[in-house]
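An overview of the molecular structure
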Amino acid sequence: MTASLERILLVEDDPDIQAVARLALEAVGGFTVGICSSGKEALEQAVGFAPDLILLDVMMPVMDGPTTLKALRELSPLRDTPVIFMTAKVQTHEVESYKQLGAVDVISKPFDPMNLSSTIHTIWATYHA
Amino acid sequence: MPSSPATPTQIQQQMQALRAAYAEKIGERVLQIEQSWDRLVKDDWNLETLRTLHRMVHSLAGSGATFGFTYLGTIARTLEILLTSILETGNPPIALQRIQVHALLASLRQSIHEPEQNLPELTAFIPSQSPLPNRGDSHLIYLVDDDPELAEDLALQIGYFGYDVVRYHNSTDLKEAVLQQLPAAILTDITFSEGDSAGIEMISALRKQLGSNMPPVVFMSLREDLTARLEAARAGGKAYFTKPVSVPSLVDKLDELTRAHPQEAYRVLIVDDESHLAVYYSLILQRTGMVTQVVTDPFDLIPVMSEFNPDLILMDVYMPHCSGLELGTVIRQQPAYVGIPIVFLSTETDLNKQLDAMNLGGGDEFLTKPIQPDHLIMAVYSRAQRARTLRSLMATDSLTGLLNHTTTKEQLVQETLRAERSQSSLAFAMLDLDHFKSVNDTYGHATGDRVIKSLSRLLQQRLRRTDTIGRYGGEEFAVILPDTDGATACKIMNDIRQRFAQIRQQSEDEEFSATFSCGIAVYPTFSDVGSLKTAADKALYRAKHQGRNRVVLAEK
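Residues numbered from 1 in each chain as written. Chains lettered and ligands numbered in written order. Predicted model: local features only at pLDDT ≥ 70, side-chain atom pairs only at ≥ 80, totals over all residues. Heavy atoms only, no water.

Taking an unreviewed UniProt entry as the reference, chain B is identified by name as Diguanylate cyclase belonging to Thermostichus vulcanus str. 'Rupite'.

As recorded in an unreviewed UniProt entry, chain A goes by Response regulator and comes from Thermostichus vulcanus str. 'Rupite'.

Set out below in structure tokens:
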């Protein structure tokens, strides 16, 4: 378990979200960012990328976020990598249900690009506390 | 190795580039959504196409606001919710749902051309603030009269009501003073050694120089002819008093002219389980100067209401766990909230259903989502304004404008709770006019009413904005002084008592003076509302029996 947050993998099918999230995380946050457009791609590339944290969109075609999360947990190197869900609808009870699926937290869409990195840092700090 | 963070300027430029790229594609995305919906409606209904449609709308909802298209994102979000409910039933949509989708698609198409930064200037809907907001805090009066004795006496009498009166010997001196510092009002005679209408001419000249910054002017004169009155009105005079001037009437007019109630911001409570929509409405209303509070969990509503004390509630109709209509009913069941305006928000476009919703849920208005920002602002603003005016009227005494008996008691409960929470003190004073029955019997009830008004006016002038003044009974007043200890409260009330005794009350035949007695009790010496009132009442009684015209502090 690494204590520093440098590499973030984003699993997101929307190209526009991919672009703005990359800007938010790389230019604003200074992270190294890898991007996958589907759950399938994530399964193929995640181990090689070795992320410290995974941002996972909930609603994706073919394999949705929760299904992808379950599959990622089957890969030994990623068994303990923290995952944050990104989704449009976030209520208190839903955050709890996503956490029960194994996510450490939920970030709601639409997000503010200027604050995404600090939000992630906060979640990361809480996760390691 | 992470790349070095870009400079803020570079980030800004990249963000703008992304936004531009996003903007270019919106039209195509919306078109695809429309075409997908058309296929569903015209061809055989199938779940795969519906899921594709839902995903496209979801994507738009999840990204619009990120790129500055808040309104578009909100409409997409609303549409997504609707499509989700259609998906969950597994059946083709009913006619009502089709109409709703159609309306939302039309709004979506329309919103393509309205990115956030081009929204209409929302503040245009709110009346502009007073051009001289500082005027309300000023009690400075410039007085010029060629009769020094009269001027001195008038200055003294007006001063008892909290005005700072500066006297000038002639119009030239007055003009110089006004150009250096604006008073709250100008009191001037008409006739001077320079001429029968010199005062009017001076005011006209001053008005030309100052324009809209000209303070209100009150003329006084021995002249009662129409010519003088006309000239005074043309010079912009707000009032015209013939000598001898009635001080109570003059002070009434000065109060009216100098009173500024800095408009406290309207407070709007927004109840919507979709935090995105709630934040969206919140931002719109905040931009017009309102204060907002968002509740996304309906079960938080009651505690938030008592803490936030809203002027109006903006509430979604369709929420899980309990609907807006049910919440509205619960709100109306509580006496404290019977009068609060509730504005419902829903995608419901059927007028009959809207009327049913207002009837069932105790709503005052029904707004169909998605709502245009200016429509939302106007609906909220006008209802909040009317509600506050009504609340004020119901809370005040008609003769004096002070709080009435009921509201004063409620305020005492509130302030006592606040003192308890903040571990501070509070003084409660009860005042009773001395020999008031004989005033009425001797001079008539009209004069008695004027005495009551003069005391209420003096209290308003001399007490702080944070203090509460109530008319408790016929000739009885109550004052709540938060964050005030006993010694300070006694000093304040004694000062007012002495000033009140100096006021020359006027009846038709003669002048007389009036006095009041006062009892004060302090929290936490008396630790609850009941004992506070009892102690203040007993202290007042002792003040009466010790000879009246005095202030007595209650002792444990």
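1. Describing the side chain of E34 of chain B
Its location among the elements puts E34 of chain B in helix α1 (residues 8-42). Ignoring sequence-local partners within four residues, the contact set of E34 of chain B consists of L105 and R109 of chain B. (Helix = DSSP H or I, 4+ residues; strand = E, 2+ residues; numbered from the N terminus. Contact = heavy atoms within 4.5 Å.)

2. Notes on the nonpolar core
The biggest cluster of nonpolar side chains holds 74 residues, and the ones touching the most others in it are L108 and L314 of chain B. Core analysis: the second largest hydrophobic core is formed by 51 residues, L143, V218, I503 and I520 of chain B among them. (Core = buried A, V, L, I, M, F, W, Y, C linked by side-chain atoms within 4.5 Å. Buried < 20%, exposed > 50% of the residue type's maximum accessible area, 1.4 Å probe, protein only.)

3. Things to note about the environment of G361 of chain B
Residue and element names in this part refer to chain B. Its location among the elements puts G361 in helix α13 (residues 351-361). Given a relative accessible area of 0%, G361 falls into the buried group. Placed 163 residues apart in sequence, G361 and P524 show a C-alpha to C-alpha distance of 42 Å. Other than its neighbours up to four places away in sequence, G361 contacts L325, G328, T329, I342 and F344.

4. Considering the domain arrangement of chain B
According to the domain assignment, chain B consists of domain 1 (8-111), domain 2 (140-258), domain 3 (267-395) and domain 4 (405-553). On a C-alpha basis, the centroid separation for the pair domain 1 of chain B and domain 2 of chain B is 66 Å. (Domains from an automatic or database assignment.)

5. Points about the pairing of strand β11 (residues 426-433) of chain B
All names here are of chain B. In terms of burial, β11 is a largely internal element, eight of the eight residues being buried. The alternating pattern of β11 places L426, F428, M430 and D432 and A427, A429, L431 and L433 on opposite faces, both of which are buried. Relative to strand β13 (residues 476-482), β11 runs antiparallel, the two being bridged by seven bridges. Bridged to A427 within β13 is L481. Bridge analysis of β11 against strand β16 (residues 516-523) gives eight bridges, and the strand direction is antiparallel. Note that in β16 the partner of M430 across the bridge is G519. (Pairing = 2+ DSSP bridges.)

6. A word on the sheet that holds strand β1 (residues 7-11) of chain A
Residue and element names in this part refer to chain A. A sheet is described by the order of its strands in space; here five strands give the open sequence β2-β1-β3-β4-β5, paired in parallel fashion. Taken across any chain shown, the strands that pair with only one partner, and hence form the sheet edges, are β2 (32-36) and β5 (105-108). The average angle at which neighbouring strand axes cross in this sheet is 25°, direction not considered. As paired elements, β1 and β2 share five bridges and run parallel to each other. When the sheet's bridge partners are listed, V11 is paired in β2 with C36. The strands that helix α5 (residues 116-128) touches are β1, β3 (53-57), β4 (83-87) and β5; relative to β5, the one it contacts most, it runs at about 165°. (Axes fitted to C-alpha atoms, helices over the stretch in contact; angles between N-to-C directions.)

7. Describing the pairing of strand β4 (residues 217-221) of chain B
Residue and element names in this part refer to chain B. Most of β4 sits inside the fold, with five of its five residues counted as buried. Residues V217, F219 and S221 line one face of β4 and the alternating positions V218 and M220 line the opposite face, and both faces are buried. Relative to β4, strand β3 (residues 185-189) runs parallel, the two being bridged by four bridges. Bridged to I186 within β4 is V217. As defined by bridge partners, β4 adjoins strand β5 (residues 239-242) across four bridges and the pair is classed as parallel. Paired with M220 across the two strands is F241, which belongs to β5. For the handedness criterion, the β-α-β arrangement of β4, helix α8 (residues 226-234) and β5 is classed as right-handed. (Right-handed = clockwise from strand over helix to strand, strands pointing away.)

8. Observations regarding the UniProt feature "modified residue: 4-aspartylphosphate" (unreviewed entry) in chain A
Residues and elements named next belong to chain A. The sites that carry the UniProt feature "modified residue: 4-aspartylphosphate" (unreviewed entry) are, in the present numbering, D57. Here D57 lies in strand β3. Every residue in contact with D57, bar those within four places of it in the chain, is listed here: V11, E12, D13, G65, M86 and K109. (UniProt positions renumbered as here; feature names shortened; annotations may be inferred.)

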